[in-house]
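# Coordinate inspection notes
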Amino acid sequence: AFDVTMVVDDRSRIKDLGAHEWSDIFEVPQLPAYLVPTREPSVAAVVGHMYLVHNADRDDDHYSLFRVEALEPGKTVTITWKRAASPV
């Protein structure tokens, strides 16, 4: 599973976008940060799935995409990722 709540004032969100390849064309949805620090629920790690993360705290506010390339549950996960433009 993935967790995005890392610091005390964290307002970050994560969303499983389903199975995607980096070559797929899809619209990055809006994922508003919480208004107040909140513990975001964990999401399951699934090979081949793409995830959107909106990192937000007092120092940062940005979007990233990552994809699970390989997974050994309880041992290791391999991801590829890139910073994404904030959706309009």
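For the structure itself, consult the block above.
The notes below deal with the structure included here.

Criteria and cut-off values
- Residues numbered from 1 in each chain as written.
- Predicted model: local features only at pLDDT ≥ 70, side-chain atom pairs only at ≥ 80, totals over all residues.
- Heavy atoms only, no water.
- Pairing = 2+ DSSP bridges.
- Helix = DSSP H or I, 4+ residues; strand = E, 2+ residues; numbered from the N terminus.
- Patch = residues over 30% accessible without salt bridge, like charges linked within 9 Å, V, L, I, M, F, W, Y side chains within 5 Å.
- Areas by Shrake-Rupley, 256 points an atom, 1.4 Å probe, with all protein chains shown as cover.
- Salt bridge = Lys/Arg side-chain N within 4 Å of Asp/Glu carboxyl O.
- Buried < 20%, exposed > 50% of the residue type's maximum accessible area, 1.4 Å probe, protein only.
- Contact = heavy atoms within 4.5 Å.
- Polar contact = N/O pair within 3.5 Å; in protein donor to acceptor, adjacent residues only side chain to side chain.

Our next topic: the pairing of strand E4 (residues 76-84). The pairing of strand E3 (residues 61-72) with E4 spans nine bridges and is antiparallel. Note that in E4 the partner of Ala-70 across the bridge is Thr-78. Connecting E3 to the next strand, E4, in antiparallel fashion are three residues, including Gly-74 with a positive phi near 80°.

What follows is about a nonpolar patch on the surface. On the surface, a nonpolar cluster with roughly 450 Å² of combined accessible area is contributed by Val-47, Leu-71, Val-77, Ile-79 and Trp-81. Here the element with the most residues in the nonpolar patch is E4; it accounts for three residues. In this fold, Trp-81 is placed in strand E4. Judged by relative accessible area, which is 58%, Trp-81 ranks as exposed.

A few words now on the environment of Arg-67. Relative to the helices and strands, Arg-67 resides in strand E3. As for Arg-67 and Gly-18, which are separated by 49 residues in sequence, their C-alpha atoms are 9.6 Å apart. Here Arg-67 is in contact with His-20, Glu-21, Trp-22, Gly-48, His-49, Met-50, Thr-78, Ile-79 and Thr-80, once residues within four sequence places are set aside. Reaching out from Arg-67, the side chain makes a polar contact with the backbone oxygen of His-20 at a distance of 2.5 Å. In this structure the side chain of Arg-67 is engaged in a polar contact, spanning 2.5 Å, whose partner is the side chain of Glu-69.

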